[in-house]
Amino acid sequence: MNFLLRPLVALATTIALAAAPDERRSGYDIAGPEIRAMQDDDTANPGNLWVLQGETLWGKPTGAADRSCADCHGDAQMTMKGVAARYPAFDAVLARPLDLEQRINQCRTEHQKAEPLAWESEDLLAVTAFVARQSRGLPITVSASLELRPFLALGKQLFEQREGQLNLSCSQCHDDNWGKQLAGNLIPQGHPTGYPIYRLQWQSLGSLQRRLRNCMTGLRAEPFEYGAPQAIALEFYLMERARGMPMDAPAVRP
Amino acid sequence: MVRERSGRCSFSAFGGGEGSTSPTRRRLLFVTAGAGLALLVPPADATEAAMAEAIRQLVGEAPLEPGKVKLELPSIVENGNTVPLTVSVESPMTEADHVESIHIFNQKNPQPFVAAVHLGPRTGKAYVATRIRLADSQRIVAIAKLSDGSFRSGGADVIVTLAACTEQ
Amino acid sequence: MARVLINLPQRAKRGDIMEIKTLIQHPMETGYRLDNKGVAIPRDIINRFTCTYNGDEVFQAELFPAISANPFLAFSTVATESGELVFSWTDDRGQTQTETRQITVE
C-alpha cells in the first residue's frame, strides 16, 4: 500500500472501531464508590499483594541462564513504563501477536532458559501485574500496523458473532446493553484497562483471558484455550476498542 | 493460594465461573440499573436467633443502648465477597472513659460472628475498618463495650445483589 | 510467607493519632465450601491479629470466616515515642506471621 494512504486507513479503522470515543466508560468509571476507593488506595487494593510479589520475582535470578528480569531490563519503572498498554504486540519471528503473559514467558524461555510459567499461576499473575502496574494512567496504544490487521479483523469478528447456547455476541452485551443490570451484575462496556484484575468474585487476581472465559462460559460457549490464537485476537481487538483509555492495572472489579 | 475454586457458589450468568451449571435453566434478563434489586428473594435466615444469642452472651443482663456506635457499609453491594465496613464509636478514648472492644455480628451468614477488636486509650480513636463477606441482604450489628462496663449498639442494613460465593 | 502491605507514617508528632492500614494475602477458607467431589474444604482462616507498639499491645482483633479473603484491617494508634510497631497474624494452623515497622516520633 502507498505509504501515504496508510495513516488514513489506520485512522478510518480507529474511527470505525471507536464510534463515539467520549461515550466510552471503563469498569472503573461505572463502578461504585467502594470499589473505586479499594482500587485507588494502594494498601486497600489486594492486587498490590501480587505487584509486590512480582517486584520480588523481577529481581530474582532464574533458569539455566541465572539471570533476573532486572539484569536485562533494569528499573521496571523506567523500562516497563507503557509496555502493558501496547500489548498484545506483533512478534516478527512468530508472525503473530503475543499478549503480555506470552511475552513474559518468551523472556523466561529464551533469555532466562527457564520453564514458562503456567497460565494463571501465582507467579505469572504477579510478574504480569508488576509490569502492568508500570502503565497505570497511561493510554492504551496498541499498534495499528498492517501485519496486525488480520488479527484485528478476527478479533472483531469473534466479538460480533453470536455464539453459545444463549446465541448472543459479546457486542450485544458490551456495545448494545452496557449500563443495564444482568442477574445482579452491571454490564460494563468490556474494556480491558485493568488487567490482571482483582475480581471480588474470584477473591483473587486473574488475567484478561480468565475474564473472557467467564463471559464465554456464561454464554454456554466453549471457552478458548489459554493462549489460543482466537483468545489473543479477542484481547487485541478489545485493546484496540479501548485505544486511548487510561490503564488502571491492577484494577478491582466486582 | 487456591485460585480455581470449585465448591458451591451462586453463579450469576457472568459473575461466576469457569464452572458449568445446567445450560437449560438459564434465562437472560436485561433490566435497567437498579431494577434488578426487585429480583431478590431473601432465603430463610439461618442464624437470626444465633445472632441474638451471641449478643446476649456478650452483654449478659446489661442494658444495650443504641447510639454512639456508627456502622458504615454500602447500602447496596455489587458482590458479597468483599464488602467494606467501618465502625466508629463516639468516645474521648481516655484512661477513664474509653471503648474496650467492638464486636461485629451478622444475621444471615452461617455464623453470627464477624470480628471482635480490642482497643484502649492508646488507640486514640474508637475505630476499625475491614472487609466482610455477606451471604445475603441483612442487618449488621456492632456492639461497643465501654470502660464503665456498659454496652452501646449500632447497625446498618445492606442489600447484596450477588451473594458471597463461599458462604452459600 | 504470605505477602503483606502495611501503611503507616514513618514520622509523627507526639500525640498524633496515626492511621494504620494492613493487608495480608490469605484465602480465608470458610470451612463451609465443598470441593468438586462434594467434600468440605477444611476451614483455614487468620483468626487473630495483634499490633504492639514498643512491646505494648495497642490493638487486637479476633477474626471469623465472615472476614473477606486477603484480610484488610485499618485502625489507629497514638504516637507516643519512637520505636517499633510489630504486626502479627495467626492462622488456624497456629502459624504466625510477623512484620515490623519503625517509627520516629518527635
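Nothing here was measured: the structure is a model prediction, and the numbers come from that model.

(A) Spotlight on the overall build of chain B. Counting its regular elements, chain B contains 1 helix and 10 strands. In chain B, the succession of α and β elements from N to C terminus is β-α-β-β-β-β-β-β-β-β-β. Put simply, 66% of the contacts in chain B that link residues at least 6 apart link residues at least 24 apart. For chain B, the exposed area adds up to about 7,400 Å²; of that, 54% sits on carbon and sulfur atoms.

(B) A look at the overall build of chain A. Each helix and strand in chain A was counted, giving 12 helices and 7 strands. Taken over the C-alpha trace, chain A has a radius of gyration of 18 Å; the compact-globule value for 254 residues is 18 Å, and the two agree within 12%. On the principal axes, the C-alpha backbone points of chain A span a range of 50 × 50 × 35 Å. Sequence-distant contacts in chain A: of pairs separated by 6 or more residues, those separated by 24 or more amount to 67%. When the accessible surface of chain A is split by element, carbon and sulfur atoms take 56% of a total near 10,600 Å². Taking the 26 positively charged and 29 negatively charged side chains of chain A as two groups, their mean positions are separated by 3 Å.

(C) Here's a closer look at the confidence of the model for chain B. Residues and elements named next belong to chain B. Confidence in the prediction of chain B, expressed as mean pLDDT, is 75, and 68% of residues score 70 or more. Within the model, pLDDT remains below 50 along residues 1-44, and this stretch shows 108 contacts once partners closer than five positions in the same chain are excluded. Interface confidence in the predicted complex, given as ipTM, is 0.94; pTM for the same model is 0.88.

(D) Representation of helix α11 (residues 208-218) of chain A. Residues and elements named next belong to chain A. Taking burial as the measure, the 11 residues of α11 include 11 buried ones, the bulk of the element. Among all positions of α11, only Leu 208, Gln 209, Arg 210, Arg 211, Leu 212, Arg 213, Asn 214, Cys 215, Met 216, Thr 217 and Gly 218 are buried. Contacts made by the buried residues of α11 are with α10 (170-174), β5 (197-199), β6 (204-206) and α12 (229-241). The N-terminus of α11 is capped by Ser 207, whose side-chain oxygen sits 3.3 Å from the backbone nitrogen of Gln 209.

(E) Molecular detail of the pairing of strand β6 (residues 72-78) of chain C. All names here are of chain C. Burial runs high along β6: 7 of the 7 residues are buried. The two faces of β6 match: Phe 72, Ala 74, Ser 76 and Val 78 on one face and Leu 73, Phe 75 and Thr 77 on the other face are all buried. Relative to β6, strand β3 (residues 17-24) runs antiparallel, the two being bridged by 7 bridges. Across the sheet, the residue bridging to Glu 19 is Ser 76, located in β6.

(F) The sheet that holds β6(A), seen in detail. All names here are of chain A. Ordered in space as β6-β5-β7, the 3 strands form an open sheet in which the pairing is mixed. Looking at strand neighbours, the two that pair on one side only are β6 and β7 (252-253), the edges of this open sheet. In this sheet, β6 lies alongside β5 in antiparallel orientation, the contact comprising 3 bridges. Note on β6: the bridge partner recorded for Arg 199 is Ser 204.

Thresholds applied
- Residues numbered from 1 in each chain as written.
- Chains lettered and ligands numbered in written order.
- Predicted model: local features only at pLDDT ≥ 70, side-chain atom pairs only at ≥ 80, totals over all residues.
- Heavy atoms only, no water.
- Helix = DSSP H or I, 4+ residues; strand = E, 2+ residues; numbered from the N terminus.
- Contact = heavy atoms within 4.5 Å.
- Areas by Shrake-Rupley, 256 points an atom, 1.4 Å probe, with all protein chains shown as cover.
- Rg over C-alpha atoms; globule rule 2.2 N^0.38 Å.
- Lys, Arg positive; Asp, Glu negative; His and termini not counted.
- Charge placed at Lys NZ, Arg CZ, Asp CG, Glu CD.
- pLDDT = per-residue confidence, 0-100.
- Buried < 20%, exposed > 50% of the residue type's maximum accessible area, 1.4 Å probe, protein only.
- Polar contact = N/O pair within 3.5 Å; in protein donor to acceptor, adjacent residues only side chain to side chain.
- Pairing = 2+ DSSP bridges.

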